[in-house]
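Survey of secondary and tertiary structure
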Amino acid sequence: MNLTIDRERLVSEIEALGKISEAEPPVVTRIVFTQADLRARARVTAKCKEAGLEVRQDAVGNTFARWKGSDATAPTVGTGSHIDAIPNAGKYDGVVGVLCGLEAIRTLQKAGFHPKRSIELLIFTSEEPTRFGVGCLGSRMLSGVLSPEAAAKLRDVNGESLEEVRRSAGFEGDLRSVKLAAGHYHAFVELHIEQGPLLEREKIQLGIVERIAAPASANIILEGAGGHAGGVLMPDRRDALCAAAKLILEVEKAARSTGAADTVATVGICEVFPGAVNSIPSRVRLSLDVRDTDLARRDGVMSEIARSCEAISQERGVSIKAELLNADAPADCAPKVVQALTDSCRKHKLSYLPMVSRAYHDSLFVSRIAPTGMLFIPCLHGYSHRPDEYASPDDIARGTLVLAETLAKLAG
Ligand code: GLV
Ligand code: MN
Ligand code: MN
């Protein structure tokens, strides 16, 4: 089979999608269920229909574009990713997984390939946690990791429920129908930018993921006492921000203390109330994100942070409450998907690196219900979640070629 990727079409579609943003391009901000997200979905869905794919959307907005195989009842081969983007992001995170997936299907069609199993392109809803505080909302639900009851209780940053927001975005239906039937997928493979510098640094063309790290995340609320910045003397203070500052450094220390490169911890949000120069902070909200490829080690760091909360609370007379949002287990990629990706790299004499994914992805949750693998393409300086995120047309095309071949092999 002679596969020729239409790289001009693919790159121009990535560029066009990047312009659908709540911020001024090249900045991409595309929060789930906003007008920008809905316009981007409509654009990709129209392209899928042009390619002859049958499109369906579930109650939470996960979108499935199906290329029917000759055995319509056989378990399906899936590919895809997300098109939502965090504030101030770039145009490749998630998007390459969707648009390279579509291009891989079109390339196979053009080459005259007829799959036995159906091949399904997925656009997952809200891989990013920006709006509802929990990442991979769509894939968590379709894999059954997040129950419909728990999902219905989620509220966004403005207090609106997932139930209200998804319905006003046009996604009706019962959330209980989102979970896929067991055995729906024969295999799943997601192409993604690496979001780290290793491929570029080692001058290696592709990354084949063997293990996906998993996050635990929490909101931490610190409550002390406010007051006048001039009037309240230092010995009498219970400053919530000073306690938070100490806690943030303890978070960093706990992650470093494992000595493992795979342990990382981040406090990415610090909201201070009332937030006035001459007022002592009475309340602080911190976000906490701790990740590892080793579950016990990750949970050890979480316990260490809990001990620090207790100690700082005692020492400073500030109450500290942590609300755990999720604590997911890492995943191993499936040998049959890893093998199919490896075979394709070897066939085309492409260099590849077995890798760990330190970012999480929808694949982490799909792996709970299907043999799953991931293919990484390099990105400039490893930049991601920033507007200057970049992947070259050559790398995008190479990844698409390997993805297309892998889908063909898995679909039979
Ligand atoms: C996904 O975007 C992540 O934070 O790993
Ligand atoms: Mn991301
Ligand atoms: Mn992503």
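Whatever comes next refers back to the structure up there.
Conventions we followed
Residues numbered from 1 in each chain as written. Chains lettered and ligands numbered in written order. Predicted model: local features only at pLDDT ≥ 70, side-chain atom pairs only at ≥ 80, totals over all residues. Heavy atoms only, no water. Near = heavy atom within 4 Å. Polar contact = N/O pair within 3.5 Å; in protein donor to acceptor, adjacent residues only side chain to side chain. Areas by Shrake-Rupley, 256 points an atom, 1.4 Å probe, with all protein chains shown as cover. Nonpolar A, V, L, I, M, F, W, Y, C, P; charged D, E, K, R; others polar. Donors = N, O, S within 2.8 Å, 3.2 Å for Na, K, Ca; no water. Helix = DSSP H or I, 4+ residues; strand = E, 2+ residues; numbered from the N terminus. Salt bridge = Lys/Arg side-chain N within 4 Å of Asp/Glu carboxyl O. Buried < 20%, exposed > 50% of the residue type's maximum accessible area, 1.4 Å probe, protein only. Axes fitted to C-alpha atoms, helices over the stretch in contact; angles between N-to-C directions. Parallel < 35°, antiparallel > 145°, perpendicular 65-115°, else oblique. Left-handed = near helix turned anticlockwise from the far one by under 90°. Contact = heavy atoms within 4.5 Å.

1. Topic: the site of ligand 1
For ligand 1, the full set of nearby residues is Glu127, Glu128, Arg291, Ala359, Tyr360 and His385. Tyr360 has a polar backbone atom sitting 2.9 Å from an oxygen atom of ligand 1. Taking His385, its side chain carries an N or O atom lying 3.4 Å from an oxygen atom of ligand 1. Protein contacts shield 91% of the accessible area of ligand 1, which totals 200 Å² for the unbound molecule. Considering only residue class, the shell around ligand 1 consists of 2 nonpolar, 1 polar and 3 charged.

2. What about the coordination of the manganese ion (ligand 3)?
At this site the manganese ion (ligand 3) is bound by His82 (NE2), Asp93 (OD) and His192 (NE2), with donor distances of 2.0 to 2.2 Å. When the donor residues of the manganese ion (ligand 3) are listed from N- to C-terminus, their spacing reads H-x10-D-x98-H. For the pair the manganese ion (ligand 3) and the manganese ion (ligand 2), the metal-to-metal distance amounts to 3.7 Å, and Asp93 bridges them. Within this pair, whereas His82 is found in strand S4 (residues 76-82), its partner His192 is found in strand S7 (residues 185-193), the two being separated by 110 residues in sequence.

3. Some words on unusual backbone geometry
Residues Pro25 and Pro26 are joined by a peptide bond in cis, for which omega reads 15°. Positionally, Pro26 belongs in the loop between helix H1 (7-18) and strand S1 (28-30). Going from Phe273 to Pro274, the amide bond is cis rather than trans, its omega being 5°. As for its placement among the helices and strands, Pro274 is situated in the loop between strand S12 (270-273) and strand S13 (279-280).

4. Considering the pattern of salt bridges
Considering all chains together, one arrives at 32 salt bridges under this definition. The salt bridge partner of Arg131 is Asp156, with a shortest N-O separation of 3.0 Å. Taken together, the positions of Arg131 in the loop between strand S6 (119-124) and helix H4 (137-142) and Asp156 in the loop between helix H5 (148-152) and helix H6 (162-168) put the pair 25 residues apart, joining distant regions of the chain. The partner of Asp343 in a salt bridge is Lys409, and the shortest N-O contact between them spans 2.5 Å. With a gap of 66 residues between them, Asp343 in helix H10 (residues 335-347) and Lys409 in helix H12 (residues 393-411) connect regions that are remote in the sequence. Overall, Asp343 belongs to the partly exposed group, its relative accessible area being 27%. One salt-bridge network, held together by shared partners, links Asp6, Arg9, Glu13, Glu103 and Arg106.

5. Structural notes on the packing of H10 against H12
Relative orientation of the contacting elements H10 and H12 amounts to 130°, with a least axis distance of 9 Å. Of the possible angle classes, the one that applies to H10 and H12 is oblique. In this structure, the crossing between H10 and H12 has a hand that is right-handed. Between H10, through Lys336, Val337, Ala340, Leu341, Asp343, Ser344, Cys345 and Lys347, and H12, the contact on the second element is made entirely by Val402, Glu405, Thr406, Lys409 and Leu410. Split into classes, the residues belonging to the contact of H10 with H12 amount to 6 nonpolar, 2 polar and 5 charged.

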